[in-house]
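Topology and contacts: notes
Take a look at the letters that make up each chain.
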Amino acid sequence: MLSEAVLQMRQSHYAQCAAKIQSAWRGYRSRKYRFNFYARKVYLETLKAVGKYIRTQLTEYEHERDDHQQVTVETHEQDRLWEWAKLHHYVISTCVQPGVYNAPNKNGPKSIEQLLQSVHSDLAKESMPMHPRDNHCRTDAHKPTEEAKNVKLPPIVGLRPKGPFRSSEEVRQWRNAPLSLSLRVTTDYFSLEKAREQLKFDEWAGRVHDKPFHAGTAPSPKYQRMHMTTSKYGSINYGTKHFRFYEDSNESQTRTLIQENVQAGPTKSVKPRFRTVLPPIAVFDRFNKEYIPGYAEG
C-alpha cells in the first residue's frame, strides 16, 4: 500500500513538471521555423489598408450613382414640366387678365408662370417664319428658282400640335390596347335557350321513369276534334268567307272564274266586281263646252 502511494505521488509530480515544461516550450519549433510574427503583422496591416481602400471606392461609387440618378430624375421632371407647359400655354397671363398660376392673392415665387412665359416665347420663335432676306437662314425652299419648287420638304418629326392633346405614345398605346368587351358582348345570344335545354336535359337524366304522374283522381278526357273539321270534304264556309270573297283573289283567278261562269251557260249570271269609284256624269262633262242659245239670257 505504501509503495503504491509513493508511486502515485511521483507520477503526479512528474506530470506537473511536464505540464510546466510544455507550457513554456509549446510551439517553439513552429514559432522559430514556420511562423513569422513580423511578417504576419505586415500582412494584417496591408489587409486593413486594402479593405479601407475598397470601402472608399465603394462609397465614392455609391455617391456617383446617387448623383446620376438624381440628375436623371431632375431631367425627366424638367422635361415633363416643359411638355406640360407646352400643352397648357393658354393659361398664361395676359396684359388684361392674370393667369391661373399668377393670382394676385398668392404670395411667393411663381415658378409655373415663369415657365409658361419661357415656353410661350420659345413657341413664338418656333412658329415665326424665316425671312427670305436672311442669307444665313436661306434654304432651297426660299430660292426663287424652279429647283426649289421640286424640292420635297422633309417630314415633320418632333413637332407636336399645340393645345391640350395627349402625346403620340399614349394615343398609339390606346389604339394598340386589346379590346375589353363587356359581359353582354361576350355572352352568347342563345345562352338562355341553351341553359333551358341543359336544365331540361339534367331534369330528364335525373328521372326514375318517364311515365306521367297521376294523383289518384280520374284523368281528364283527351280532346276530340270535330268530325266536320277533320273530314276530307272540308268545313262549312260560315264565318270564313264573306259575300264578296271572289274579289279577294287576284285578277287571273277572277278572269278564270268569269270564264267558267260564261261557259256554264246564259242562265247563270256573272257577278260584276263591286265599284268603289263613281263613274263620270256626261252632263257635267259638257259644262262650258257647248253653246246653248238663250241659256245666258234666262
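Residues numbered from 1 in each chain as written. Predicted model: local features only at pLDDT ≥ 70, side-chain atom pairs only at ≥ 80, totals over all residues. Heavy atoms only, no water.

1. Re the nonpolar core
By size, the foremost hydrophobic cluster in this structure holds six residues: Ala85, Val91, Ile92, Leu116, Val119 and Leu123. For this core, the element with the highest residue contribution is helix H4 (residues 111-127), accounting for three residues. What valine 119 contacts, discounting residues up to four positions off in sequence, is Trp82, Ala85 and Lys86. (Core = buried A, V, L, I, M, F, W, Y, C linked by side-chain atoms within 4.5 Å. Buried < 20%, exposed > 50% of the residue type's maximum accessible area, 1.4 Å probe, protein only. Helix = DSSP H or I, 4+ residues; strand = E, 2+ residues; numbered from the N terminus. Contact = heavy atoms within 4.5 Å.)

2. Some remarks on a nonpolar patch on the surface
A grouping of Val50, Tyr53, Ile54 and Leu58 is seen on the molecular surface, where their side chains present a nonpolar patch of about 410 Å² in accessible area. With respect to the helices and strands, the residue isoleucine 54 is situated in helix H3 (residues 37-87). Taking the relative accessible area as the measure of exposure, isoleucine 54 reaches 45% and is therefore partly exposed. (Patch = residues over 30% accessible without salt bridge, like charges linked within 9 Å, V, L, I, M, F, W, Y side chains within 5 Å. Areas by Shrake-Rupley, 256 points an atom, 1.4 Å probe, with all protein chains shown as cover. Salt bridge = Lys/Arg side-chain N within 4 Å of Asp/Glu carboxyl O.)

3. Quick word on H3
With 51 residues, H3 ought to run about 75 Å at 1.5 Å a step, and its terminal C-alpha atoms sit 75 Å apart, in line with that. At the N-terminal boundary of H3, the capping side chain belongs to asparagine 36, with an oxygen 3.4 Å from the backbone nitrogen of tyrosine 38. (Expected span 1.5 Å × (residues − 1). Polar contact = N/O pair within 3.5 Å; in protein donor to acceptor, adjacent residues only side chain to side chain.)

4. Some details on the pattern of salt bridges
As enumerated under the stated definition, the model contains three salt bridges in all. For glutamate 77, the salt bridge goes to arginine 80, with nearest N and O atoms at 2.5 Å. Within this pair, glutamate 77 and its partner arginine 80 are both found in helix H3, separated by three residues, close to a single helical turn. In this structure, lysine 194 engages aspartate 188 in a salt bridge whose closest nitrogen and oxygen atoms are separated by 2.6 Å. On the accessibility criterion, lysine 194 (53% relative accessible area) is exposed.

Honestly, it's all geometry; don't read function into it.
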